[in-house]
Amino acid sequence: MAKEGVEKAEETEQMIEKEAGKEPAEGGGGGGSHRLGDAQEMRAVVLAGFGGLNKLRVTRKAMPEPQDGELKIRVKACGLNFIDLMVRQGNIDNPPKTPLVPGFECSGIVEALGDSVKGYEIGDRVMAFVNYNAWAEVVCTPVEFVYKIPDDMSFSEAAAFPMNFVTAYMMLFEVANLREGMSVLVHSAGGGVGQAVAQLCSTIPNVTVFGTASTFKHEAIKDSVTHLFDRNADYVQEVKRISAEGVDIVLDCLCGDNTGKGLSLLKPLGTYILYGSSNMVTGETKSFFSFAKSWWQVEKVNPIKLFEENKVIAGFSLLNLLFKQGRAGLIRGVVDKLIGLYTQKKIKPVVDSLWALEEMKRLRVRERDKRPGQAHTAQKWWSQNSTLGSALS
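Cut-offs and rules
Residues numbered from 1 in each chain as written. Predicted model: local features only at pLDDT ≥ 70, side-chain atom pairs only at ≥ 80, totals over all residues. Heavy atoms only, no water. UniProt positions renumbered as here; feature names shortened; annotations may be inferred. Helix = DSSP H or I, 4+ residues; strand = E, 2+ residues; numbered from the N terminus. Contact = heavy atoms within 4.5 Å. Areas by Shrake-Rupley, 256 points an atom, 1.4 Å probe, with all protein chains shown as cover. Pairing = 2+ DSSP bridges. Axes fitted to C-alpha atoms, helices over the stretch in contact; angles between N-to-C directions. Core = buried A, V, L, I, M, F, W, Y, C linked by side-chain atoms within 4.5 Å. Buried < 20%, exposed > 50% of the residue type's maximum accessible area, 1.4 Å probe, protein only. Arc of directions from axis to C-beta. Parallel < 35°, antiparallel > 145°, perpendicular 65-115°, else oblique. Nonpolar A, V, L, I, M, F, W, Y, C, P; charged D, E, K, R; others polar. Phe/Tyr/Trp six-rings, centres within 6.5 Å; stacked < 30°, edge-to-face > 60°. Salt bridge = Lys/Arg side-chain N within 4 Å of Asp/Glu carboxyl O.

Per an unreviewed UniProt entry, the protein chain goes by the name Vesicle amine transport 1 like and belongs to Equus asinus. The Sequence similarities (unreviewed entry) comment attached to the protein chain in UniProt states, word for word, "Belongs to the zinc-containing alcohol dehydrogenase family. Quinone oxidoreductase subfamily."

This is how it looks when you write it as structure tokens:
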């Protein structure tokens, strides 16, 4: 495996030089790193300040080295998720100080091991969660957040796998206890989590999936859900027309007035889970009006009413569970189950497109004009053959 890692690093370096219009250096090069004096450097996408896409820059930074218990990973693919858009805008609680390197997930090849790391070797193909800094050519992250990937899983698939499928699995099976014959309503069904939810529901017999999504995504995702509605339609009435009692599980990444609508659709013993607040994002930059409107529209929850109606309301944040609440062991068990489903060909990340790092400016078009007929689990290729992958819902 170590040999494979060396070969891929050499191939990657040749690819960079070829795309830059140069002949590959004799011997293949050093895996995409650069030297300035005695310091090794790497390229990274840096967020200079909160705001629009003009705040992102591709620049060179000092290459990190693994500390005790960490792995150094040569990044081949990294995820771009909706949470990254909210981070860019500063639309999250307690945002970190800028400048920073965004990104929470990546895949690549183990390049070095910190002290006390066991179970991994240089050259292993892995995917990992990172507490920021994933949008770079090299990352270092604690071993508890790193997972080996199957031989037949591509790096681009691995970049679209951890955040989306772990979030979907945790909500469906750990929080809501999905079982045979139940029904699920998922918002943003065309996004990465939405598509992961649909695939995981298909592994359980007789599960009915209701989904909302923008109309131009319907053609691409119509076969993945049982009933599909336009996100701007009166989906409450549409669901009740099909299922008068409502649904067993509501997965809401929108917030705002959808909270009250979701609770109204729950059957007795049903579970509503909030896992995002994308209604707060209405443009390229943070909008106080959108934030205030979304907050104001959230229905105030009465615990006595929940008690009387036998309903459950919950929240789920994968990043908090990993990085603040110390549940890495639980997540590892979930990843193992998901990899098992992948190897059985029951689930598969949806990759929409591959992008070069130098095409960063085209993200502006991508955000404003998401292409119809595509399930938006997009991917971006570095020119170093490393992908920046995403779920654009």
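Caption draft 1: Fine view of the overall build of the protein chain. Per the secondary structure count, the protein chain includes 13 helices and 15 strands. Sequence-distant contacts in the protein chain: of pairs separated by 6 or more residues, those separated by 24 or more amount to 69%. When the accessible surface of the protein chain is split by element, carbon and sulfur atoms take 51% of a total near 17700 Å².

Caption draft 2: Structural detail: the sheet that holds strand β9 (residues 183-186). Pairing in this open sheet of six strands is parallel, and the strands run β11-β10-β9-β12-β13-β14 from one edge to the other. Single-partner strands in this sheet number two, and they are β11 (227-230) and β14 (312-315). On average, each strand axis in the sheet is tilted by 15° relative to the strand beside it, whichever way the strands run. Across four bridges, the pairing between strand β10 (residues 208-213) and β11 is parallel. Within the sheet, the bridge partner assigned to T212 lies in β11 and is F229.

Caption draft 3: Just the nonpolar core, in detail. With 92 residues, the main nonpolar core has F129, L200, L251, I331 and L338 as its most contacted residues. In this structure, Y235, V250, L263 and L266 belong to the second largest nonpolar core, which totals twelve residues.

Caption draft 4: Quick peek at helix α7 (residues 235-242). The set of residues buried in α7 consists of Y235, V236 and V239. The buried residues of α7 occupy an angular sector of 105° when projected down its axis, which confines them to one face. Looking at the packing, one finds that the buried side of α7 touches β9, β10, β11, β12 (247-252) and α8 (258-265).

Caption draft 5: Molecular detail of the packing of α7 against α8. The N-to-C vectors of α7 and α8 enclose an angle of 10°; their axes lie 10 Å apart at closest approach. As summarised for this structure, α7 and α8 are arranged roughly parallel, according to the angle between their axes. Contact with α7, carried on its side by Y235, V236, V239 and K240, involves N258, K261, S264 and L265 of α8 and no other residues of that element. For the contact of α7 with α8, a count of residues per class yields four nonpolar, two polar and two charged.

Caption draft 6: Spatial organisation of the packing of aromatic side chains. For the structure shown, the criterion picks out seven aromatic pairs. For the pair F129 and Y147, a centre-to-centre distance of 6.0 Å together with 85° between the ring planes defines the contact as edge-to-face. Here the residue F129 occupies a position in strand β6 (residues 125-129), and Y147 occupies one in strand β8 (residues 146-148), the gap between them amounting to 18 residues. Each member of the pair, F129 as well as Y147, is classed as buried. Between Y169 and F173, the aromatic rings sit 4.7 Å apart at their centres with planes inclined by 40°, giving tilted as the arrangement. Here F173 and Y169 lie together in helix α4 (residues 162-175), a separation of four residues that amounts to about one turn. The two residues Y169 and F173 agree in class, both being buried. Among the aromatic residues, ring-to-ring pairing joins F161, F165 and Y342 into one connected group.

Caption draft 7: Spotlight on the pattern of salt bridges. Under the criterion given, the structure shown has eleven salt bridges. A salt bridge links R74 to E111, with the nearest nitrogen and oxygen atoms 2.9 Å apart. Residue R74 is found in strand β4 (residues 70-80), and its partner E111 is found in strand β5 (residues 105-113); the two are separated by 37 residues along the sequence. Judged by its relative accessible area of 4%, R74 is buried. In this structure E111 comes out as partly exposed when scored by relative accessible area, which is 25%. Linking K261 and D257 is a salt bridge whose minimum nitrogen-to-oxygen distance equals 3.8 Å. Residue K261 is classed as partly exposed on the basis of its relative accessible area, which comes to 31%. Classification of D257 as partly exposed rests on a relative accessible area of 30%. Because the salt bridges share partners, they merge into one network encompassing E65, K72, R74 and E111.

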